[in-house]
Amino acid sequence: MAGRTVRYRNGRNTSRAIRAAAVAACATLVLAACGSTKDNVASKGDGGGDGSGKVGVILPLLTSPFWQSYNDYVPKMAKTEDVDALKTVNSNSDPTQQITDINNQLNQGVKGLVVAPLDSAAISAGLDQAERKGVPVVAVDVAPEKGKVAMVVRANNVAYGEKACEYLGKQIPYGKVVQIMGDLASVNGRDRSEAFRACVKEKFPKLKVLEIPAKWESDTAASKLDTLLNANPDIKGIYMQAGGVYLAPTLQTLKSKGLLKTVGQKGHIAIVSNDGIPQEYDAIRKGQIDATVSQPADLYAKYGMYYIKAAMEGKTFKPGPTDHDSEIVKLPSGILEDQLPAPLVTKENVDDPELWGNTVK
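Small disclaimer: the values here were computed from a predicted structure and weren't measured.

The tally for this structure, following the rule as stated, stands at one disulfide. For Cys 165, the disulfide goes to Cys 199, at an S-S distance of 2.1 Å. Residues Cys 165 and Cys 199 share a disulfide whose torsion about the S-S bond is about -75 degrees; that sign makes it left-handed. Here Cys 165, found in helix 5 (residues 157-171), pairs with Cys 199, found in helix 6 (residues 187-203); they are 34 residues apart in sequence, far enough to count as distant. With relative accessibility at 8%, the residue Cys 199 sits in the buried group.

So this is what it looks like as structure tokens:
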């Protein structure tokens with residue numbers, strides 16, 4: 001949805017006051033090309049410590065299989081990276097609660113924070129609190145629009161939309177395709193939606209894109225897809241921006257209308273998803289969906305811990321390729337983002353043991 005910035009119903013109640021309270025602060029990081037993560041270390045600041053101290057880890061929610069998996073990986077990766085992580089805190093899909101959670105962690109004296117923001121803009125209020133206390137923050141899955149973070153650990157969400165477009169475009173010569181979008185108030189939802197839309201327009205002009213703004217809400221996705229199918233029973237493809245939220249309601253809706261045909265059957269609706277959870281892999285094996293883009297829950301946890309440890313030691317980084325098949329890029333806001341690889345998974349590689357979705361029960 002991962003992902004995916006994840007903002008469900010409570011996200012709609014984000015107060016303007018929170019957004020207004022956010023203070024912009026750009027990350028001061030030196031820029032240069034480099035060959036590995038180790039080489040990417042720009043400097044160790046004068047205020048750098050030894051990396052010790054408690055680290056708070058704040059989750060956006062636990063109702064998605066993706067975030068449940070990430071939550072399970074956190075203590076394992078914290079141990080691997082020698083990070084003293086506290087028990088994770090669940091903000092329960094509420095951006096306002098997430099700011100409170102950050103404040104509570106700061107009051108407990110944490111020396112670092114790893115946060116998966118629910119709202120790209122509202123999170124800046126929490127980042128401002130952390131900066132005032134001199135506590136570094138690593139953002140996972142979502143890049144804040146404003147505020148200071150040591151690093152954003154995230155896959156390339158533009159590539160998610162492009163990969164889905166490329167796959168569906170090659171399967172469907174013409175006709176209607178639907179993208180079930182995430183929350184457009186989030187950078188993840190915007191990136192995936194805009195990339196898919198632009199790719200179809202440029203490369204597959206015979207496809208007509210219909211859109212469902214579902215805000216990462218499964219019930220909204222189900223009801224709007226049902227309505228759309230009533231008016232457009234000739235849909236040929238679906239792009240789900242978050243399998244952890246949209247897979248079950250999409251399959252159930254198609255089944256209820258007699259439209260759930262397996263790959264190879266006449267009338268099969270080609271479906272591409274995002275996340276890489278075990279449930280999507282099972283659906284690929286059954287022929288219910290065609291593909292998904294694997295969002296790396298394991299690597300989100302691993303490099304979230306890696307970068308917060310480095311930040312607590314006073315290290316900063318530079319743009320360039322890393323030693324773990326990713327690229328650190330500078331965002332327009334000035335923040336650095338480690339864009340982790342997110343492979344396309346189809347029936348050809350769904351059983352690959354290296355995929356994190358095949359390593360969880």
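In terms of nonpolar packing, the biggest core is built from 53 residues, with Tyr 70, Val 114, Val 153, Phe 196, Tyr 300, Met 305 and Tyr 307 touching the most fellow members. With nine residues, helix 10 (residues 297-312) is the single largest residue contributor to this core. Judged by nonpolar contacts, the second largest core, of 28 residues, contains Ile 238, Leu 251, Val 345 and Val 350.

The final tally for this structure, using the stated rule, is twelve aromatic pairs. Between Trp 67 and Tyr 70, the ring centres sit 5.2 Å apart and the planes meet at 80 degrees, which makes this aromatic pair edge-to-face. With Trp 67 and Tyr 70 both in helix 2 (residues 65-80) and three residues apart, this pair spans about one turn of that helix. By the burial criterion, Trp 67 is buried, and Tyr 70 matches it. Taking the centre distance of 4.9 Å and the plane angle of 80 degrees together, the rings of Tyr 306 and Tyr 307 count as edge-to-face. For Tyr 306, a relative accessible area of 23% puts it in the partly exposed group. Taken together through their ring pairs, the aromatic side chains of Phe 66, Trp 67, Tyr 70, Tyr 73, Tyr 300 and Trp 356 make up a single cluster.

Turning to helix 6, a few remarks are in order. Between its terminal C-alpha atoms helix 6 stretches 24 Å, which fits the 24 Å expected from 17 residues at 1.5 Å a residue. Here helix 6 has its buried residues at Val 187, Asn 188, Gly 189, Asp 191, Arg 192, Ser 193, Ala 195, Phe 196, Cys 199 and Val 200. Packed against the buried residues of helix 6 are strand 7 (151-155), helix 5, strand 8 (175-181), strand 9 (207-213), strand 10 (235-240) and strand 11 (270-275).

In total, this model carries 14 salt bridges according to the counting rule given. Among the salt bridges present, the one from Asp 128 reaches Arg 132, with a minimum N-O distance of 2.3 Å. Remark: Arg 132 and Asp 128 occur in helix 4 (residues 123-132); sequence separation between them is four residues, near one turn of the helix. Its relative accessible area of 12% is what places Asp 128 among the buried residues. The exposed category is assigned to Arg 132, whose relative accessible area is 60%. Close ionic contact of Arg 154 with Asp 191 constitutes a salt bridge, the shortest N to O distance being 2.9 Å. With Arg 154 in strand 7 and Asp 191 in helix 6, this pair connects stretches of sequence that are 37 residues apart. The burial state of Arg 154 is the same as that of Asp 191; both residues are buried. When salt bridges with common partners are traced through the structure, they connect Arg 154, Asp 191 and Glu 337 into a single cluster.

Analysis parameters
- Residues numbered from 1 in each chain as written.
- Predicted model: local features only at pLDDT ≥ 70, side-chain atom pairs only at ≥ 80, totals over all residues.
- Heavy atoms only, no water.
- Disulfide = S-S within 2.5 Å.
- Helix = DSSP H or I, 4+ residues; strand = E, 2+ residues; numbered from the N terminus.
- Buried < 20%, exposed > 50% of the residue type's maximum accessible area, 1.4 Å probe, protein only.
- Core = buried A, V, L, I, M, F, W, Y, C linked by side-chain atoms within 4.5 Å.
- Phe/Tyr/Trp six-rings, centres within 6.5 Å; stacked < 30°, edge-to-face > 60°.
- Expected span 1.5 Å × (residues − 1).
- Contact = heavy atoms within 4.5 Å.
- Salt bridge = Lys/Arg side-chain N within 4 Å of Asp/Glu carboxyl O.

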